[in-house]
Amino acid sequence: MKSRDGGARRIHADHAAGSFPKPACVVEAIVSAAARLHSPGRGAYRESLEAMSVVEGCRAKVAKVLGASDPSRVVLAAGQTDALNMVIKGAAMQAVRLGRAAHVVATTLEHNAVLRPLKGLETWGVTHALVPPRDHAVTPSDIEAAIRPDTCLVVMTHASNVTGAIQPVREVAAICRSRGVMLLVDAAQTAGHLPIDVDQWGVDALAAPGHKGLLGPQGIAALVLRAGVEDRIDAWREGGTGGDSASARQPQDMPGRFEAGTMNVLGAAGLAAGAGHLLSLPLGVETVRLHGVTIANAMLTAARTGRLGEFRVIGPLEAEAMVPVFALRHPRLDPAEVAVMLESNFGILSRAGLACAPLAAGGPALRVSFGASTTIDEVATVVAALECISKI
Ligand SMILES: Cc1ncc(COP(=O)(O)O)c(C=O)c1O
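What should I look at first to understand the site of the ligand in this one?
In the vicinity of the ligand, the contacting residues are Gln80, Thr81, Leu84, His111, Ala113, Thr157, Asn161, Asp186, Ala188, Gln189, His211 and Lys212. Residue Thr81 places a side-chain N or O atom 2.6 Å away from an oxygen atom belonging to the ligand. A distance of 2.5 Å separates an oxygen atom of the ligand from a polar atom in the side chain of Lys212. Protein chains bury 84% of the 390 Å² of accessible surface belonging to the ligand in isolation. Top contributing element to the shell around the ligand by residue count: helix H3 (residues 80-97), with three residues. A breakdown of the residues in the shell around the ligand according to their chemical character gives three nonpolar, seven polar and two charged.

Before we go on, may I ask you to explain the domain arrangement of the protein in this structure?
Looking at the assigned domains, one finds that the protein contains domain 1 (26-280) and domain 2 (283-390). The C-alpha-based centres of domain 1 and domain 2 are spaced at 28 Å. Listed by partner, the interface residues are 24 residues for domain 1 and 26 residues for domain 2. When residues of domain 1 are sorted by the area they lose upon contact with domain 2, Val162, Thr163 and His193 head the list and together hold 28% of the total. One can count zero salt bridges joining domain 1 with domain 2. The interface formed by domain 1 and domain 2 contains seven residue pairs in polar contact (both at pLDDT 80 or more). Residue classes in the side of domain 1 that touches domain 2 are distributed as 11 nonpolar, 12 polar and one charged.

Explanation requested: the packing of helix H9 (residues 285-304) against helix H11 (residues 376-390) in the structure shown.
Working note: a packed helix pair is described by the angle between its axes plus the distance between those axes. The contact between H9 and H11 brings their axes to 10 Å, and the two run at 25 degrees. Put simply, H9 runs roughly parallel to H11. Crossing geometry of H9 relative to H11 is assigned as right-handed. The residues of H11 that touch H9, namely those facing Thr294, Ile295, Ala298, Met299 and Ala302, are Ile376, Val379 and Val383. For the contact of H9 with H11, a count of residues per class yields seven nonpolar, one polar and no charged.

Explanation requested: the pattern of salt bridges in the structure shown.
Any two side chains of opposite charge can pair, given that their charged atoms come close. This model, assessed by the stated rule, comprises 17 salt bridges. Across the pair Arg179 and Glu144 runs a salt bridge whose closest N-O atoms are separated by 3.6 Å. Here Arg179, found in helix H6 (residues 169-179), pairs with Glu144, found in helix H5 (residues 140-146); they are 35 residues apart in sequence, far enough to count as distant. In this structure, Asp150 engages Arg148 in a salt bridge whose closest nitrogen and oxygen atoms are separated by 2.9 Å. Taking relative accessible area as the criterion, Arg148 reaches 37% and is therefore assigned partly exposed. When salt bridges with common partners are traced through the structure, they connect Glu56, Arg59 and Glu259 into a single cluster.

Got a minute to help me understand the sheet that holds strand S12 (residues 351-353) in this structure?
Whenever strands of a sheet pair, they do so through backbone hydrogen bonds, lying parallel or antiparallel. On the basis of which strands lie adjacent, the open sheet formed by four strands has the order S9-S10-S13-S12 and antiparallel pairing. Two strands close off the open sheet at either side, each with one partner strand: strand S9 (312-314) and S12. On average, adjacent strands in this sheet sit at an angle of 35 degrees to one another, irrespective of strand direction. Where strand S10 (residues 325-329) and strand S13 (residues 365-369) come together, four bridges link them in antiparallel fashion. From the neighbouring strand, Leu328 faces S13, where its bridge partner is Leu366. Helix-sheet contacts for H9 involve S9, S10 and S13, and the interaxial angle to S10 is about 20 degrees. Lying over the sheet, helix H10 (residues 335-346) contacts S12 and S13, oriented at roughly 40 degrees with respect to S13.

Any chance you could explain unusual backbone geometry here in plain terms?
Here Phe20 and Pro21 are connected by a cis peptide whose omega angle stands at -5 degrees. Within the secondary structure, Pro21 is located in the loop between strand S1 (11-12) and helix H1 (24-36). Looking along the chain, the bond that leaves Met254 and enters Pro255 is cis, with omega of 0 degrees. A positive phi angle is found at Asp135, which is not glycine, with a value near 55 degrees. Along the chain, the position of Asp135 falls in the loop between strand S4 (127-131) and H5. Phi is positive for His136, which is not a glycine, with a value near 80 degrees. When you line up the elements, His136 lands in the loop between S4 and H5.

Before we go on, may I ask you to explain the side chain of Thr157 in this structure?
Along the chain, Thr157 falls in strand S5 (residues 151-157). Residue classification places Thr157 among the buried positions, given a relative accessible area of 6%. At a separation of 3.5 Å, a polar atom in the side chain of Thr157 contacts the main-chain carbonyl oxygen of Asp186. When neighbours within four sequence positions are excluded, Thr157 is seen to be in contact with Leu109, Glu110, Gln167, Val169 and Asp186.

Conventions we followed
Residues numbered from 1 in each chain as written. Predicted model: local features only at pLDDT ≥ 70, side-chain atom pairs only at ≥ 80, totals over all residues. Heavy atoms only, no water. Near = heavy atom within 4 Å. Polar contact = N/O pair within 3.5 Å; in protein donor to acceptor, adjacent residues only side chain to side chain. Areas by Shrake-Rupley, 256 points an atom, 1.4 Å probe, with all protein chains shown as cover. Helix = DSSP H or I, 4+ residues; strand = E, 2+ residues; numbered from the N terminus. Nonpolar A, V, L, I, M, F, W, Y, C, P; charged D, E, K, R; others polar. Domains from an automatic or database assignment. Contact = heavy atoms within 4.5 Å. Buried area = accessible area lost by both parts, 1.4 Å probe. Salt bridge = Lys/Arg side-chain N within 4 Å of Asp/Glu carboxyl O. Axes fitted to C-alpha atoms, helices over the stretch in contact; angles between N-to-C directions. Parallel < 35°, antiparallel > 145°, perpendicular 65-115°, else oblique. Left-handed = near helix turned anticlockwise from the far one by under 90°. Buried < 20%, exposed > 50% of the residue type's maximum accessible area, 1.4 Å probe, protein only. Pairing = 2+ DSSP bridges.

See the structure below:
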């Protein structure tokens, strides 16, 4: 089979790293913004004002997808890593500034975008505890037991980017509220894959990247902050905001206080289109979720019935407990070699190694991951390829 551009068929089985292909409306929105718009919030001329309205439109659409009733609570960051650093380091910075001891609770499932900032904060005297999962998901009571009187923040991924295991963020949100501790949810693998309702769940902060399930481009992410939470995070990125330029201090308005610097308007245009695409689906994000469960069932059934050969799934064995991200191990084959064979012999794009989450799966694995645009036919091709490679 040939791809749209006439080349050999390529199957993108690396949606956990970024969705592909993007919906046509996303590509069109980016191209149109590049052709028409100037820097947002910097001039009073039409091209700048229109760019600002694209940014505001992006906030509104993303807020709707994530269940935030107030778009002004949506900070647009320069990516997921940036959004996570904003909260982790901002909360720690405030504690240190106020002379308080600071402690953070996270899990062993976290991405390096969480683990490395936490490691770096040790030099400021900020300590942390990493809670391991039981049977791939952390137990809320284990998180509660790790909270100390000086804990200022709990950070947890909503689903592992290695095993796909969904984590109990709603239950943890309730615990954090009762203990007066801020909760930051890393929704890198769930935004656009699972229905999310930040307002109803009582989550303090939730970060969602533009380029994965939200179907937009790289280099932009949304950070949703519950009202009042902004005062518990120091804004460490300071600079121009396009207004109040005589003031030596960073303006304190939301979301501007966290958005110093020229906004990525092409990213905002693409992210708005991606979020709009999700909202246009018959059941919104639930449509993607149902598809994700179907894909997960197809993969798990293949594993159960021996159609993945000797590849073993490291992760949940129930489709409802996961997003369609699979860590696979083979008794003899090196994951990196399998990834090369998948691409060179079958045109299948996968990921091998630790996937930036070194503690999540007990060592390197092959990761195949799927998304809204994945067809069941593509999943069947991946299964057949793995069975074939397994016999080598
Ligand atoms: C769970 C998780 N958190 C954080 C990140 C970091 O995202 P980015 O590299 O886009 O900043 C990723 C990226 O794969 C991820 O899967």
